[in-house]
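Residue-level structural notes
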Amino acid sequence: MGTQLTLLTSAVEFALAGALLALSTYVTLWAGLLSFATVSFAAVGAFTATHLMSSAGLGLWPSLAAGGVGGGVLAGVAGVLLIRLADHWMALATVALILVTRVIVVNLGDLTGGSAGEVVPAEVHLWELVLVVAVACLLLARLARSRFGTAAVATREDPTAAATMGVRVRRVQVAAFVISGVLGGVAGVLQAGLLRYIDPDTFYIDLAVTVIACVVLGGAYHWFGSVIGAVVFTGLPVYVNQFVGQGQSIINGALLLVIMIWVPGGLVDPLRWRRLRERRAPAAPAAGAAAAPVEVRS
C-alpha cells in the first residue's frame, strides 16, 4: 500500500510539473505561434536555479523566481528575433534554439556541470507544485478575460484582421513569448527539483515533443486542456509503467490515435461544448411549448 501511494504521489508530481511546461507552450499557441522553445526556457531556469542553490545557498522560492526571470529574458530575446519568421520556419528555429541551448549547457561546465550534469540541492514537495500550478492557472484564466486574451485570440485567428482593428500583433506575440518563458523557467526548476539531477539531455527535443502532445491532444484552445493533457501523457505513464513496463509506449500510441481520430479538437474542446449547448437550447422551448395548455376558441 505504501509503495502504491508513493508511486501515485510521484505520478501526480510529474503531472503537475508537466502541466506547467504545457501551459508555457499553450501561451504561445494562444497567440498563434507554434514554438518548441519551452524546453530551452526550462533548461535555462533549471540550470540557473541549480547553480544559485549550490553556490549562493538559495532556497526553492528565490530559485523559482530566478529561474522564471532567466526563462523570461531568453524568451524576450528569442521572441523579438523569431516572430518575424513564417510559422513553419519559426517552429524550426525554436527547435534550433533547443540544440543551441544544449551546446551552451555542455560548454559552460563551471556553471552547469557540463556533460556530467549537476545534482539539484533542493527537493520539491507536492504542495509546492500544487500551489505554483494553481497560481499559474489562475493568472491564465484572468488573462483570458482581459484585453490581452482578446488580442491574443484575434492574433491567432487572423493577424492581418487583428492589425486592422488596432491590435499590435507583434507586441502581443512578444508578450506571449515572455509569459511562456517565465512559466517555462519556473517549470524547469520544479522538474529539476523532482529529478534531483539534471544534465544536458534532461531538457531536449524528446521532452519538447511530449509537451506539444500534451497541449494539442489535451486541447489547444483552453488552458485546462494543457493540464488534462499533462495528466494523461506525463503523469499517467509514471504510474502505469509499474504494471505494463515497456507496453506503456503502445498505450501512449493508442491514446494518440484515438484522440486524433475521434477527438481532433483535443480532450478539452470549447467549440464542442458550445455545439452541445446549441443543440440543447432549441429543445427546451419546444418542451415548454408542448407542456403549455392549448386554448380553444369558438
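Structure's up top.
Residues numbered from 1 in each chain as written. Predicted model: local features only at pLDDT ≥ 70, side-chain atom pairs only at ≥ 80, totals over all residues. Heavy atoms only, no water.

1. Re the overall build of the protein
If you tally the helices and strands in the protein, you get 14 helices and two strands. Taking all contacts inside the protein whose residues are at least 6 apart in sequence as the whole, residues at least 24 apart take part in 81%. On the protein, roughly 15,200 Å² of surface is accessible, and the fraction owed to carbon and sulfur atoms is 68%. (Helix = DSSP H or I, 4+ residues; strand = E, 2+ residues; numbered from the N terminus. Contact = heavy atoms within 4.5 Å. Areas by Shrake-Rupley, 256 points an atom, 1.4 Å probe, with all protein chains shown as cover.)

2. Description of the packing of aromatic side chains
This model, assessed by the stated rule, comprises five aromatic pairs. Centre to centre, the rings of Phe41 and Phe177 are 6.3 Å apart; their planes meet at 75°, and the pair counts as edge-to-face. Residue Phe41 is found in helix 2 (residues 38-56), and its partner Phe177 is found in helix 9 (residues 169-195); the two are separated by 136 residues along the sequence. Ring centres of Trp223 and Phe224 lie 5.9 Å apart, and the angle between their planes is 80°; this geometry places the pair in the edge-to-face category. Looking at Phe224, the relative accessible area reads 35%, which means it is partly exposed. One aromatic cluster is present, built from ring pairs that chain together Tyr26, Trp30 and Phe148. Cation over ring: Arg102 sits above Tyr204, and NZ or CZ is 5.3 Å from the ring centre. (Phe/Tyr/Trp six-rings, centres within 6.5 Å; stacked < 30°, edge-to-face > 60°. Buried < 20%, exposed > 50% of the residue type's maximum accessible area, 1.4 Å probe, protein only. Lys NZ or Arg CZ within 6 Å of the ring centre and 35° of its normal.)

3. Notes on the side chain of Asp199
By the element assignment, Asp199 lies in the loop between strand 2 (197-198) and helix 10 (205-219). It turns out Asp199 is buried and unbridged, and the closest side chain with the opposite charge, Arg102, is 7.3 Å from it. From its side chain, Asp199 meets the backbone nitrogen of Asp201 in a polar contact 3.0 Å long. In this structure, Asp199 is in contact with Phe47, Ser115, Ala116 and Gly117, ignoring residues within four places of it in sequence. (Lys, Arg positive; Asp, Glu negative; His and termini not counted. Salt bridge = Lys/Arg side-chain N within 4 Å of Asp/Glu carboxyl O. Polar contact = N/O pair within 3.5 Å; in protein donor to acceptor, adjacent residues only side chain to side chain.)

4. Considerations on the pattern of salt bridges
Scanning the model with the defined rule gives three salt bridges in all. Here Asp201 ties to Arg102 by a salt bridge, and the two come within 2.9 Å at their closest N and O atoms. In this pair, Asp201 sits in the loop between strand 2 and helix 10 while Arg102 sits in helix 4 (residues 87-107), placing the two residues 99 residues apart along the sequence.

5. Quick word on the nonpolar core
Membership of the largest hydrophobic core comes to 69 residues, with the highest contact counts inside it found for Leu20, Leu23, Leu140, Leu190, Phe203 and Trp223. For Leu23, the residues in contact, after removing those within four places along its chain, are Ala136, Cys137, Leu140, Leu183, Trp223, Ser226 and Val227. With twelve residues, the next largest nonpolar core counts Ala75, Leu82, Met90 and Val174 among its residues. (Core = buried A, V, L, I, M, F, W, Y, C linked by side-chain atoms within 4.5 Å.)

6. A look at helix 4
In a regular helix each residue adds 1.5 Å, so 21 residues correspond to 30 Å; helix 4 covers 31 Å between its end C-alpha atoms and thus fits that length. Residues of helix 4 that are buried: Met90, Ala91, Ala93, Thr94, Leu97, Ile98, Thr101 and Val105. Considered in projection along helix 4, the buried side chains sweep an arc of 160° and stay on one side of the axis. Those residues of helix 4 that are exposed and aimed more than 90 degrees away from the buried face are Trp89, Leu92 and Asn107. (Expected span 1.5 Å × (residues − 1). Arc of directions from axis to C-beta.)

7. Here we look at the packing of helix 2 against helix 9
Between helix 2 and helix 9, whose axes approach to 6 Å, the crossing angle comes to 50°. With respect to each other, helix 2 and helix 9 are oriented oblique. Crossing angle aside, the handedness with which helix 2 passes helix 9 is right-handed. Facing helix 2, whose interface residues are Thr38, Phe41, Ala42, Gly45, Ala46, Ala49, Thr50 and Met53, helix 9 presents Phe177, Ser180, Gly181, Gly184, Gly185, Gly188, Val189 and Ala192. When the residues that make up the contact of helix 2 with helix 9 are grouped by side-chain class, the tally is eight nonpolar, eight polar and no charged. (Axes fitted to C-alpha atoms, helices over the stretch in contact; angles between N-to-C directions. Parallel < 35°, antiparallel > 145°, perpendicular 65-115°, else oblique. Left-handed = near helix turned anticlockwise from the far one by under 90°. Nonpolar A, V, L, I, M, F, W, Y, C, P; charged D, E, K, R; others polar.)

8. Description of a nonpolar patch on the surface
A contiguous nonpolar patch, built from Trp61, Trp127, Leu131, Val135 and Leu139 and spanning about 520 Å² of accessible area, is present on the exposed surface. Among the elements that make up the nonpolar patch, the one with the highest residue count is helix 6 (residues 126-144) (four residues). Along the chain, Trp61 falls in helix 3 (residues 60-82). Of the residues examined, Trp61 reaches a relative accessible area of 39% and is grouped as partly exposed. (Patch = residues over 30% accessible without salt bridge, like charges linked within 9 Å, V, L, I, M, F, W, Y side chains within 5 Å.)

Honestly, that's just the spatial picture; any functional story needs more than this.
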